[in-house]
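Reading the structure
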Amino acid sequence: MDIRKEFLNFFEKKGHKVYPSSPLVPDDPSLLFTNAGMVQFKPIFTGEKPAPTPPRACSSQLCMRAGGKHNDLENVGYTNRHHTLFEMLGNFSFGDYFKEKAIEYAWEFVTDVLNFDKSRLWITIHESDDEAGKIWEKYVPKNRIVKMGDKDNFWQMGDTGPCGPCSEIHYDQGADKFNSPEDYLGGEGDRFLEIWNLVFMQYNRDEKGKLSPLPRPSIDTGMGLERITAIKEGVTSNYETSIFNPVINKVVEITGKEYFTDSKGASHRVIADHIRAVTFLLAQGVRFDREGRGYVLRRILRRGVRHGYMLGMKEPFMYKIVDTLVQEMGHQYPYLIEKKEAVKNAMKMEEERFFATIDKGMELFKEALSKTAGDVFSGEIAFKLYDTYGFPLDLTQDMLREVGKKVDVNTFEKLMQEQKTRARANWKGSGDKKINLKDLVKYPVNKFVGYEKTEHKTKIKALFDEDFNEVNELNANGWVMLEVTPFYAESGGQVGDRGVIKCKMDNGEWRECAKVIDTKKFEEKNLSRVVDAELKAGDEVEAVVDESRREIAKHHSATHLLQAALRKVLGEHVTQAGSLVEANRLRFDFTHPKALSAEELDKIENMVNNVIARGIEGEVAEMPIDEAKKAGAMALFGEKYGDIVRVVKFGDFSIELCGGTHVKNTSEIGSFYITKESGVSAGVRRIEAVAGISAYKYAKAYRDMVEEIKAENKAKDIKAFIEKQKDEIKKLKDEIKILQKAAVKEIKPTEKDGINFVIERIDNANLREIATDLKGKIDNLVAFLAGSNNGKVSIVAASGVDGIKAGDLIKEFAPIVGGKGGGKRDFAQGGGKDADKIDEMIEKVKEKFL
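Below is a summary of the structure that appears in this document. (Residues numbered from 1 in each chain as written. Predicted model: local features only at pLDDT ≥ 70, side-chain atom pairs only at ≥ 80, totals over all residues. Heavy atoms only, no water.)

The next subject is the pairing of strand 32 (residues 781–789). Burial analysis of strand 32 places eight of its nine residues in the buried class, the great majority of the element. Once you follow strand 31 (residues 755–761) into helix 20 (residues 767–777) and on to strand 32, the crossover reads as right-handed. Connecting the antiparallel pair strand 32 and strand 33 (residues 792–799) is a turn made up of two residues, with Asn790 showing a positive phi of about 55°. (Buried < 20%, exposed > 50% of the residue type's maximum accessible area, 1.4 Å probe, protein only. Helix = DSSP H or I, 4+ residues; strand = E, 2+ residues; numbered from the N terminus. Right-handed = clockwise from strand over helix to strand, strands pointing away. Pairing = 2+ DSSP bridges.)

Here it is, written out as C-alpha cells:
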C-alpha cells in the first residue's frame, strides 16, 4: 500500500486541497527547520493571512528535527522511532469543521483504509475535554479513552496565540513485544505507539495566560508516515520497513558489515537516517557551513561518517548511497532526481574534508578517554577536537555516551567564547555604528519612483544625523528621507544609488545642496546618505540620480543573463548563492561542486554576448507569486516575497523575480567579459565580470597591451612572435639538457664497501633528472644531490641499496639548510631556505658515508 497516496486521496475526496511539502527551510525566523505539517499554514492559523478556498487542506510534509528546540539527533539510531528527517501526514481545517469531523475522518482512515485492528487502538484526550471524549465513545469503548494533563494533551504554538486540547490515537503493539516499566500509555516505551495527534485549536492565550475562545476554531493534525508504515508492515521498528530497508541494504553492501536489528546495528541505522536528511537539505539548497542550518547539516553528515568509520570505512562512502535513496523517493520528490549529481558532489567533498582529519581526531579522543578517571571528559580536548579536527561537540558527546561519560560543557563553551572574542577583536568592522531607529518608525513608507524616473521634484519628509537622531535641519553629514524618491535602496545585490539633491533658491533657480553617496532601506523605508548637506525638513527639493545608475542597470541585467547561461551550460542545479552589482563590475556566487573549465567559461561568455547582440526587449511585470512561478520565474531560495512580485524577463532566455533596475533592451549592455572564476566555499563558485563601459575598458586594456608588446618587439604578427619565442625557449632547454647530461657523464661515483656513492653539489640544474639518470647507469647507487636555484635549495636522494633509505637521508640532512622533505625508500626530495649551508650539508653526508 502507498500510504502517502492513500492518505492524500482520502482527504481530497473529503473536500481538502492537497498541498505539496513546503521547504525544510521555513519562511519563519523563529524556526531553524520545518518541524511539523502546520508550519506552512501558520500565518493562516494566526490570522496573518485569510483562510484559503476551500478552507480545508492536507499534505505529506517533510520535517526536520535536528537542531533548535526540536532536536532528536542524539536518539537517532538508538531507538525504533526517532529520525532527523521524517514525513508528517496531516489534515487541516481553517475555521471549517471541528472535533466531530476531525475524529470521524481519523477513525475512518485508520480503521477502513489502513484496516488497523480496532481492539489495539487507544485514545488519549485532555482532562478538560469532555466534548472530545463523548465523540470518541461513538467509536471506542470508554475504558480505552484516557484523560491526560497539559503536558501530554494540550498544544500551543507559543507562549501566546492559538492553542487548544489535543487527542492522540495510540496503537498497542502488544505486551508480548514490549514489557518494560515504561511500556504504559503515556510512558516512554514503545508498546503504546502514538500514531496520530489531533489538535483542536479553540483558544487564544493572551500575555497574562488567559484563554479566550476563538471565533472560528480550527484543526491541525499530524501522523508519522514511518510509524504507520511499520505497523502496516507488521514490524516494530521504523528501520525494518520498506522505507529504510533498501538504504540499510546499501550500507551493508558498501561497508561489508552485517546489519543487526539490536544495538549492534545502531551505526547502520544512523547512516540510513542521516543520508535522508543530508540529501534533502542539500537538494533544497542548504550548504555546509560553520554556523546556522549549514552547521546542522555538517553535524549530521559528520555523525554519519563517524558511524561509517566505526564500520571500517576509511574513505568517502555516504555519497554512494544517494542513488539508492533517489530511486526510492525520487518519484515523490522529483527535484531529488534533478539535483542528484550536485548532491553527491557536495557530499563527497565534505566527506573528504572530514576523513582527512578523523584518524588524528580519533587518536586524540581515545588517548584523552584513557586518561579520564571520572565521568567527565575534558572540555579542552572536546574544544580541540572541534577546532582542529572538525568534530562537532554533539559528535564527541555521542561517542562519550557510548561509554557512559559526558563532556565538561562549561569549559568547552568558555573556550568557544574566548575564540569568538579574539575573532571580534581582530575584525576591523564595517565602520557602521549601531543604528537606533526609534525616530524613524513613526513615518510611513515613502514611495519609490526610480523605475520610471532618475530625476524627481519632491519634499524632505525627515532628516537624521549620522547617529539616526531626527533633526529639523542638516548642515553636515547624515540621512534624508524624501516623500517620494527616485534613489534605489541597496537590495538584491544591487548597490544603492548615488546622486545629488538640489534646493530651490529665492530667485527660482536650483542649486546643489547635498551629495547622495548611498541609499539604503530601513524598516522598508528608503533613506539616502548625504554629505555636505544644507537641508531643512519640509523643503521642496529635486532628487537627481547619478549617471552611474545606467551602468549599474547594465551589470544587473547581465547578471540575470549570466545566471541563465550558467544553468544552461552547467545544469539546473545551479542556484544563486549571493551577488554584487555595481557600476563597474558584477560578482555572482552560485552552487556548483567544482571549478569551471576554460571551455565552460568560454561557452557561458559567448552565450551571454549572443543574447546581448540579439537585442532582446526587457519585459517587467507585476503578478501574483504563484503565477510568476508557473511562468518559470526563478526565485532565490529562502528569500521572502509578497503575494504580488515583480518579474523581469528577457525573451525566452531569462525570467526572474527581481526588484532591481534593468536595461530596456539587452543591446544596451554592450558587451560582457568574465574576468575571474574562483571558489568561495565548499560547493560554491564565484564569477566576476564586467559589462557596458567597463567591458569596453577591459577589452581596450588588452588591445593596448598587445599593441605595446608588438611595438617593443617590432612584431607585426603577435602570434608568430610568440611561436618564435617558444621555439627559442625550447632550443635553450634542449641545450641545457645536453649540458646536464654531459655533467652527469663527468660525475664519478666513489666506491666504498661495494656501494657507489655520488654526493655532489650541482647548482641551477634539474636534480631529479640527474638522479634518475644516475640510477639507470650505476649499480648499487646511493646518491645525494643538492644545489641552489634562484636562491632556493633543492635536494634529491636516490638509493638502490638495502638498509639505506632515500627518505631517511632527506629527513636527516635537510634541516641543516632549514628545510624538510621526504619520499620513498628508493627516491626522495626536499627543499630548504639557507643556500649558504649547502656545502656544510654535503660535507656532513660525506662524513657519514665516506
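Structure shown, so let's carry the discussion forward.
Either a parallel or an antiparallel arrangement is found when strands of a sheet pair, and the pairing is made through backbone hydrogen bonds. Read from one edge of the open sheet, three strands run 25-26-27, paired in antiparallel fashion. The two strands at the open ends of the sheet, each matched to only one other strand, are strand 25 (618–624) and strand 27 (654–657). Taking the axes of each pair of neighbouring strands and ignoring which way they run, one obtains an average angle of 20° across the sheet. As defined by bridge partners, strand 25 adjoins strand 26 (residues 644–650) across seven bridges and the pair is classed as antiparallel. Note that in strand 26 the partner of Ala621 across the bridge is Val647. Contacting strand 26 and strand 27, helix 15 (residues 548–570) crosses the sheet at an angle of about 115° to strand 27. (Axes fitted to C-alpha atoms, helices over the stretch in contact; angles between N-to-C directions. Contact = heavy atoms within 4.5 Å.)

Let us now look at helix 7 (residues 245–255). Turning to helix 7, its buried residues are Val247, Ile248, Lys250, Val251, Ile254 and Thr255. Axial view of helix 7: buried residues confined to an arc of 155°, hence all on one face. Residues Asn249 and Glu253 are exposed on helix 7 and point more than 90 degrees away from its buried face. Where helix 7 is buried, its residues touch helix 8 (266–283) and helix 10 (322–329). Gly256 lies just past helix 7 and shows a positive phi near 75°. (Arc of directions from axis to C-beta.)

In this section: unusual backbone geometry. Cis geometry is found at the peptide bond from Thr53 to Pro54, where omega equals 0°. Structurally, Pro54 can be placed in the loop between helix 2 (42–45) and strand 2 (56–64). The phi dihedral of Lys714 falls on the positive side, at around 50°, and the residue is not glycine. With respect to the helices, strands and loops of the structure, Lys714 is situated in the loop between helix 18 (692–712) and helix 19 (718–746). For Asn780, which is not a glycine, the phi torsion comes out positive at approximately 45°. Within the element layout of this structure, Asn780 appears in the loop between helix 20 and strand 32.

Counting through the fold element by element, Ser557 comes out in helix 15. A polar atom in the side chain of Ser557 sits 2.9 Å from the side chain of His662. Once residues within four sequence positions are removed from consideration, Ser557 is found in contact with Phe650, His662, Val663 and Ile669. (Polar contact = N/O pair within 3.5 Å; in protein donor to acceptor, adjacent residues only side chain to side chain.)

In the sheet, strand 28 (residues 672–681) pairs with strand 29 (residues 684–691) via eight bridges, with the strands oriented antiparallel. Bridging across to strand 29, Ser678 finds its partner in Arg686. Counting the residues in the hairpin turn of strand 28 and strand 29 gives two residues, including Gly683, whose phi is positive at 80°.

Relative to the elements of secondary structure, Lys134 occurs in helix 4 (residues 130–136). For the pair Lys134 and Glu100, spaced 34 residues apart in sequence, the C-alpha to C-alpha distance is 9.8 Å.

A few words now on the packing of helix 11 (residues 335–370) against helix 13 (residues 393–401). It is at 12 Å that the axes of helix 11 and helix 13 come closest, and there the two elements cross at 45°. Between helix 11 and helix 13, the angle falls in the class oblique. When the axes of helix 11 and helix 13 are compared, the crossing they make is right-handed. In this structure, helix 11 uses Phe354, Met362, Phe365 and Leu369 to contact helix 13, whose residues at the interface are Leu395, Thr396, Met399 and Leu400. For the contact of helix 11 with helix 13, a count of residues per class yields seven nonpolar, one polar and no charged. (Parallel < 35°, antiparallel > 145°, perpendicular 65-115°, else oblique. Left-handed = near helix turned anticlockwise from the far one by under 90°. Nonpolar A, V, L, I, M, F, W, Y, C, P; charged D, E, K, R; others polar.)

Right, let's get into helix 10. Among all positions in helix 10, only Val322, Thr324, Leu325, Val326 and Met329 are buried. Buried residues along helix 10 sit against strand 3 (85–93), helix 7, helix 8 and helix 11.

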